[in-house]
Amino acid sequence: DAKTTQPNSMESNEEEPVHLPCNHSTISGTDYIHWYRQLPSQGPEYVIHGLTSNVNNRMASLAIAEDRKSSTLILHRATLRDAAVYYCILRDQAGGTSYGKLTFGQGTILTVHP
Amino acid sequence: GAGVSQSPSNKVTEKGKDVELRCDPISGHTALYWYRQSLGQGLEFLIYFQGNSAPDKSGLPSDRFSAERTGGSVSTLTIQRTQQEDSAVYLCASSHSGIPYNEQFFGPGTRLTVL
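### A word on the packing of aromatic side chains
Here is step 1: By the definition in use, this model includes ten aromatic pairs over all chains.
Here is step 2: An angle of 70° between the planes, with centres 6.4 Å apart, marks the rings of Y36 of chain A and F104 of chain A as edge-to-face. Here Y36 of chain A is found in strand 3 (residues 31–38), whereas its partner F104 of chain A is found in the loop between strand 8 (84–92) and strand 9 (108–113), with 68 residues between them in sequence.
Here is step 3: With centroids separated by 6.3 Å and ring planes inclined at 70°, the aromatic side chains of F104 of chain A and F106 of chain B adopt a geometry described as edge-to-face. Of the two residues, F104 of chain A is situated in the loop between strand 8 and strand 9 and F106 of chain B in strand 9 (residues 105–106); the pairing between them involves two chains.
Here is step 4: By relative accessible area, F104 of chain A is classed as buried at 9%.
Here is step 5: For F106 of chain B, a relative accessible area of 13% puts it in the buried group.
Here is step 6: Feature note: the residues Y36, Y46, Y87 and F104 of chain A together with Y33, Y35, F45, Y48 and F106 of chain B constitute an aromatic cluster, connected by ring pairs.

### A few points about the state of the cysteines
Here is step 1: Applying the stated criterion across every chain, the model contains two disulfides over all chains.
Here is step 2: Residue C22 of chain A pairs covalently with C88 of chain A via a disulfide, S to S 2.1 Å. Here the disulfide of C22 of chain A and C88 of chain A is left-handed, its torsion about the S-S bond being about -85°. Placement of the pair is C22 of chain A in strand 2 (residues 18–23) and C88 of chain A in strand 8, with a sequence separation of 66 residues. Take C22 of chain A and C88 of chain A: they sit in the same class, and that class is buried.
Here is step 3: Two residues share a disulfide in this structure: C23 of chain B and C92 of chain B, whose sulfurs sit 1.8 Å from each other. Between C23 of chain B and C92 of chain B the sulfur-sulfur dihedral comes to about -65°; the bridge is accordingly left-handed. Of this pair, C23 of chain B sits in strand 3 (residues 19–24) while C92 of chain B sits in strand 8 (residues 88–95), and the two are 69 residues apart along the sequence. The exposure classification of C23 of chain B matches that of C92 of chain B, with both residues buried.

Rules behind the numbers
Residues numbered from 1 in each chain as written. Chains lettered and ligands numbered in written order. Predicted model: local features only at pLDDT ≥ 70, side-chain atom pairs only at ≥ 80, totals over all residues. Heavy atoms only, no water. Phe/Tyr/Trp six-rings, centres within 6.5 Å; stacked < 30°, edge-to-face > 60°. Helix = DSSP H or I, 4+ residues; strand = E, 2+ residues; numbered from the N terminus. Buried < 20%, exposed > 50% of the residue type's maximum accessible area, 1.4 Å probe, protein only. Disulfide = S-S within 2.5 Å.

Quick look at the structure:
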């Protein structure tokens, strides 16, 4: 499986934008880039996903590098509720070994200061 | 609408006992997954059911672990002869199908403590 690399932790102030980076230099052409987050004492929740183009939804934006070897999850205005562990995950659409399941790394612990 | 539910929310058992953990997926979701989260190992995949296909059991850590999904809906994860290292939060998720761009919806988990 292609692996992802994320910083262990990041900090932000409330109402400021947050850029969470993810490196995936061995990504294959059929891998989707997914982001999930896990709030304290809860199961993970889906945030966003993309393949090649940048994506926006109500929760966040996903910026994907042109060579797809890295991506950035953007929270436009962090709130205290955004404090969570953020996971960047690759999922193979071609039926590879990662098909179906999510393979979680260590993720990035985001701390948001009031 | 109703999300993924799991029961019990907490389970304390003695070493050597068997336990059953239950997952009720979102209605209509054909794919169901089990994961576990422990302090030492992070979040790890256990097993994946997709419709009537044979499940992907590649993540089960030993033959003490098994899971079934009856009628394409409810799933039960069974751990036989529990060991202390089985202590973890067991998470269930479901999705419309296993295709990689479908989001998975997670339940709140069952916290298992083996004494």
